Amino acid sequence: MDACWAVDKELERLFEKYSSATDRTQKTLDDFIASLRSFINELSERTSDELITEGARASVVEFIDRAKSVSNSVSTCHKDLHGSVSKLGKTIDRNFTSDFSSVITEGAFDGEWRQTLLNEVICEHFLRQGMLDIAESLNEDASLELSQERKEPFLELHRILEALRQHILEPALDWAERNRDELNRKKSPLEFKLHRLRFIELIKHGSMKQIEVLQYAKKLAPFAELHTKDMQLLMGSLLYLNNGIENSTYSFLFEDSSWIEICDIFTRDACGLLGLSVESPLSVGINAGCKALPPLLSIRQVMQSRQVAGVWSSKEELPVEIDLGQDYRFHSIFACPILRQQSTEQNPPMRLTCGHVISKEALHKLVVGNTNRFKCPYCPVEMTTAETKQIYF
């Protein structure tokens, strides 16, 4: 945080200097342009055959010298700004680490299949963001050969979201009707929220579309039981249809927050039905990495200063606990009660015959000799390693 404050302070100085230099340069140029126009008018008043006097020649030379002075002044001001920008860059380099090699897992992206997986994640991210031309270029350059069936869900998702951002409901309504059974099983309010927005768009026109409003209200009838309160608000707003709902207590119905909400609901439900995460895996990974890097770099610096860098030898376990918050917890985590370590693919949780669960590594440490037999550390039940079972979370 101190590093951010230091850079922010330097950036603020640069902005102040830039603003002052801009005003000063603009005033200098405006004054010079005004005097240049005046000088041109003075010269134009002379006849073409009139000889230029010594005084006129002196005025021209003086004006040229003034132009050079103005040019030097602007150039000097620009050089000062360049120095300040360079100083900002040095402040950033001094306060932030640019070398992350000490916390990078070597060989993480080695191998053709890993490179392919990485490219697919990047390509899917571009598809999610609607950057179709970039995704298609990456698909060709990296020889991913993503099928149209795999790309189509992202394309449809983007088309519908783009329409919702422009307050166009038809694509989302069509999609909700096609997937009504799945949405109902998930108890999703998406279809009702879409019809609600269409109803609100109609009542904006007041009494001009009174018949359409009443007819559309029939489409809301199937949702009355599950959304009673919302239905009461919508029907109550009809009392002010002639006088203008925007001037009544129901004016909150026209707030833009409803459109932001419907985009979030559609994204969540559509991704759920397609078996996708709501957030792009690439953006989640980058955001999590940005949060985890500062403490990792700090502990690495401490370990190097105390000459104990070899302690961080396991790539499967971090030297410090990093809490990324609830937003970055996607699955259950098992920590071995014996070794106090989180389970990994190489060290999975194992269920004993008595029901207790420990890590595989702890299990092998309990085995006596070559008998493959051991006792549960929590109860006196004895068993063999073959009787234990791996647990999958």
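Predicted, not measured: the structure shown is a model, and the values here were computed from it.

Criteria and thresholds
Residues numbered from 1 in each chain as written. Predicted model: local features only at pLDDT ≥ 70, side-chain atom pairs only at ≥ 80, totals over all residues. Heavy atoms only, no water. UniProt positions renumbered as here; feature names shortened; annotations may be inferred. Helix = DSSP H or I, 4+ residues; strand = E, 2+ residues; numbered from the N terminus. Contact = heavy atoms within 4.5 Å. Axes fitted to C-alpha atoms, helices over the stretch in contact; angles between N-to-C directions. Parallel < 35°, antiparallel > 145°, perpendicular 65-115°, else oblique. Nonpolar A, V, L, I, M, F, W, Y, C, P; charged D, E, K, R; others polar. Pairing = 2+ DSSP bridges.

Draft legend 1. Examining the UniProt feature "domain: RING-Gid-type" (unreviewed entry) in the chain more closely. Per the UniProt record, "domain: RING-Gid-type" (unreviewed entry) is found at residues 336-379. This span, residues 336-379, is 16% helix and 20% strand, and a straight line between its end C-alpha atoms measures 16 Å.

Draft legend 2. Region of the structure containing the environment of Y328. In this structure, Y328 sits in the loop between helix 12 (281-305) and strand 1 (349-351). Linking Y328 and G285, residues 43 residues apart in sequence, is a C-alpha distance of 9.5 Å. Beyond its immediate stretch of four places on either side in the chain, Y328 contacts V284, N287, A288 and K291.

Draft legend 3. Expanded view of the packing of helix 8 (residues 190-203) against helix 10 (residues 228-237). With their axes 11 Å apart at the nearest point, helix 8 and helix 10 run at an angle of 10° to one another. With respect to their mutual orientation, helix 8 and helix 10 come out roughly parallel. Taken together, the residues of helix 10 that come into contact with helix 8 (itself represented by F192, K193, R196, F199, I200 and I203) are D230, M231, L234, M235 and S237. Its residues placed into classes, the contact of helix 8 with helix 10 shows seven nonpolar, one polar and three charged.

Draft legend 4. Region of interest: the sheet that holds strand 1. Here three strands make up an open sheet; going across it, the order is 2-1-5 and the pairing antiparallel. Strand pairing shows two members of the sheet lacking a second neighbour, strand 2 (357-359) and strand 5 (389-390), which therefore form its edges. With three bridges connecting them, strand 1 and strand 2 associate as antiparallel partners. Considered in strand 2, the bridge of M350 is made with I358.

Draft legend 5. Examining the UniProt feature "domain: CTLH" (unreviewed entry) in the chain more closely. According to UniProt, the positions carrying the feature "domain: CTLH" (unreviewed entry) are residues 153-210. Note that residues 153-210 is 74% helix and 0% strand, and that its end C-alpha atoms are spaced 38 Å apart.

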